[in-house]
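Examination of the molecular architecture
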Amino acid sequence: MKYPFIKPLMLIGALFVLVTLACSTPSPAPTEAPVQAPAEPVQTKAVEPAQPAQPAEPAQPAQAVASGAVSSLTDVRNAAIQIQAEGTFVDFDGAYVGAGRGSGFIIDSSGLAVTNNHVVTGAALLKVWIGGDTTKSYNARVVAVSECSDLAVIDIDGDGFPYLEWYSDPIAVGLEVYSVGFPLGETEYTLTKGIVSKESTSGESDWASVDSVIMHDATINPGNSGGPLVTADGKIVGVNYAAAADVNQYFAIGREKALPIIDELKAGRDVDSLGINGQAIVSDDGTISGIWVSSVESGSPADRAGIIGGDILMGLQGHPVGANAVMADYCDIIRTHNASDVMDIEVYRYDTDETLAGQLNGSALTVTATGSSGTSSSTSSGSTSSGNTSTVSGDFMAVVDNLDVLYVEIPSWWSEIDGRMWEATWGTSSGDIPFQAASIVAAPSLDDFYSYWSAPGVNFSASTDWGKIGGYVQILDDAGYTWYVDSCEKTGRYTYEDPKYEGRFDVWDCGIDADVIVLGARPIADKFAYLVLLQIQLGEDWGDSDGTIEGRISDTFDVVNTLP
């Protein structure tokens, strides 16, 4: 059997919402869509959103301290820093110039210091205070960052600074630890005590993708981001970056994960980064997901491609990103490519309601569509029909659904047609997803089509609700169509593209003379409008060894009016 039709799909709509967080920019203003919580267990960034830059409150000058490695808990403050990032950051209400504060720690007498990526990336100016001494501020520059591991190394002007060293013994449950930093936007140094609660837990969040982090109960608050988690003798265990304050658990990027990346950053090499200070978002109705861009690092691949603050990065290498409000897909793609690789990107510019496409390290972004909720209005072959009627042409006939929304041409001997609205609930890994879909089911016998894989027929449906599942991969892998898994063997997944639609399709071997094709697709002209599912069964009575029938269906399926 030939398979004449053959791409990846991402259905995304117009409304979206920021996941709850307190980031290095002022918190986004409320939108009309309700806020969605980030993935458990990590709940919030531990960075303090601040007012536009203000002079620090005066404090008593700190006593001079000698440079060199810190050797006691008391002296840790001499290597602890507060960072103020100033620049232009963007939320849903537009751009503003503001400042946010986080923490960090010095790791070398030359002034190299560690903090979180989300504290510093995209800032125009970094100011640093050491040990709570507000009588002297230092300028600093970003050396390199890792977006996906939420780590950054900065270089503070000057040298001869006290610095922290890493804990060398095993990090075990029950180890006494202390969180160090400058929370709540205040300049006063703080130290909180706890223990390691879990040696390793998931670090997936809406702003980073860390496979494993340390869980502890040494309290951190907004503003502690990037500060060290240290032992009773002042040795670094990890880098604090997130909090689940409602259950009194906090999270640090542990030594084993952090050190290899920090070594790369010290050498000036970004790791797993495009130059974005971003956050994964999903709309309340699930029709859009992506990476909300708060700010962009000058000269980075994202900057060179034309990405700006306020954009939503929706697709990378043809794959949707930000599904389930986590960065995992985005970071997995970055981690499987070199920084210099050319990668396709798709962006929704929220401010102008435009869709753009381009490449990282390649062609710059250009507008491909305007408007986020338009629908297709074209027809196939100039044919028209109403309700569940059909127009016969030779061995084929044109049929539409009961809503006059869907059009497809099928063999004229497929006389049983069901054009009713499809309303159901899919059970997915993200929970139950209710939906409505326009639908046409056609076959020589609908009873046989529903009962046997070997019975020929077609099920063509389209819905604006299916974006809630997260994209074409989730549609094919995680939605109701996974019923094939128990009875059939998937023989391959292939790219699909025609003049109007793009997507991917799976081919299933369901026994002797029983093949099934399942296609997920989106309209090329308006990638936010809807998602299509097309199921074609090829049975022993199919009589289609040259692919004529299958080709006619794939050439003519179309959404010709506005979906419900």
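This text gives an overview of the structure that appears in the document. (Residues numbered from 1 in each chain as written. Predicted model: local features only at pLDDT ≥ 70, side-chain atom pairs only at ≥ 80, totals over all residues. Heavy atoms only, no water.)

Quick word on empty space enclosed by the protein
Which entries qualify depends on this criterion: Think of a 1 Å grid over the protein atoms and nothing else: a 1.4 Å probe that fits but is trapped marks a cavity, an open set flanked by protein within 12 Å on at least five of seven lines marks a pocket, and residues with an atom within 4 Å of a point count as lining. Grid points are joined across faces, edges and corners, and a volume is the space filled by probe spheres set on the points. Secondary structure elements follow DSSP: runs of H or I no shorter than four residues count as helices, runs of E no shorter than two count as strands, and numbering proceeds from the N terminus. All residues other than Ala, Val, Leu, Ile, Met, Phe, Trp, Tyr, Cys, Pro, Asp, Glu, Lys and Arg, Gly among them, are scored as polar; the first ten of these are nonpolar and the last four charged.
Within this model, the second largest cavity holds a volume of roughly 50 Å³. Asn117, Trp207, Ile276, Gly278 and Met327 are the residues nearest the centre of the second largest cavity, which is lined by ten residues in total. For the lining of the second largest cavity, the elements supplying multiple residues, two or more each, are helix 1 (117-120) and strand 17 (276-282). Here the element with the most residues in the lining of the second largest cavity is strand 17; it accounts for three residues. Looking at the lining of the second largest cavity residue by residue, the classes come out as three nonpolar, four polar and three charged.

What to know about the state of the cysteines
What counts, and what does not: Cysteine sulfur atoms are paired as a disulfide whenever they fall within 2.5 Å. Type-normalised accessible area, obtained with a 1.4 Å probe on protein chains alone, sets the label of each residue: buried when under 20%, exposed when over 50%, and partly exposed for intermediate values.
Scanning the model with the defined rule gives two disulfides in all. Disulfide pairing places Cys148 opposite Cys331 at an S-S distance of 2.2 Å. Handedness of the Cys148-Cys331 disulfide follows from its S-S torsion of about -95°: it is left-handed. Separated by 183 residues along the polypeptide, Cys148 in the loop between strand 8 (138-146) and strand 9 (151-156) and Cys331 in helix 4 (residues 328-335) bring together distant segments of the chain. Both residues of the pair, Cys148 and Cys331, belong to the buried class. There is a disulfide in this structure between Cys488 and Cys510, and the S-S distance comes to 2.0 Å. Disulfide Cys488-Cys510: torsion about the S-S bond near 105°, hence right-handed. Of the two residues, Cys488 is situated in the loop between helix 7 (484-487) and strand 31 (489-497) and Cys510 in the loop between strand 32 (501-509) and strand 33 (515-523); the sequence distance between them amounts to 22 residues. The same class applies to Cys488 and to Cys510, which are both buried. For the protein chain, the disulfide bridges join cysteines in the arrangement 1-2, 3-4, where the cysteines are counted in sequence order.

Points about the pattern of salt bridges
Stated precisely, the cut-off is as follows: When a carboxyl oxygen of Asp or Glu is within 4 Å of a side-chain nitrogen of Lys or Arg, the pair counts as a salt bridge.
What the rule picks out here adds up to 15 salt bridges. Its salt-bridge partner being Lys257, residue Asp211 comes within 4.0 Å of it at the nearest N-O pair. With Asp211 in strand 13 (residues 209-216) and Lys257 in helix 2 (residues 255-266), this pair connects stretches of sequence that are 46 residues apart. Relative accessible area serves as the criterion here: at 36%, Lys257 is assigned to the partly exposed category. Measuring nitrogen to oxygen at the nearest pair gives 2.7 Å for the salt bridge that ties Glu256 to Arg255. Glu256 sits in the exposed class, given a relative accessible area of 57%.

What to know about the nonpolar core
Spelled out, the test is: Take the buried residues of types Ala, Val, Leu, Ile, Met, Phe, Trp, Tyr and Cys, join any two whose side-chain atoms come within 4.5 Å, and each joined set is a nonpolar core. Note on contacts: a residue pair is in contact if any heavy atoms of the two residues lie within 4.5 Å.
The biggest cluster of nonpolar side chains holds 54 residues, and the ones touching the most others in it are Ile81, Val128, Leu151, Ile154, Ile156 and Tyr241. What Ile156 contacts, discounting residues up to four positions off in sequence, is Ile81, Ile106, Ser110, Gly111, Ala113, Val128, Tyr138, Asn139, Ala140 and Phe161.

Quick word on the packing of aromatic side chains
Short version of the rule: Only Phe, Tyr and Trp rings take part, Trp by its six-membered ring, and two of them pair if their centres are within 6.5 Å. Stacked means planes under 30 degrees apart, edge-to-face means over 60, and tilted covers everything else. For a ring to carry a charge above it, either NZ of a lysine or CZ of an arginine must fall within 6 Å of the ring centroid while also lying within 35 degrees of the normal to the ring plane.
Counting across every chain of the model gives 15 aromatic pairs. Between the aromatic rings of Phe460 and Phe557, the centroid separation amounts to 5.6 Å while the plane-to-plane angle is 75°, which identifies the pairing as edge-to-face. With Phe460 in strand 30 (residues 457-463) and Phe557 in the loop between helix 8 (548-556) and strand 35 (558-559), this pair connects stretches of sequence that are 97 residues apart. Taken as a pair, Phe460 and Phe557 share a single burial class, namely buried. Of the aromatic side chains, those joined through ring pairs into one cluster are Phe460, Tyr496, Tyr501, Tyr530 and Phe557. For Lys136, the ring lying beneath its charged end belongs to Tyr138, and the centroid distance is 4.7 Å.

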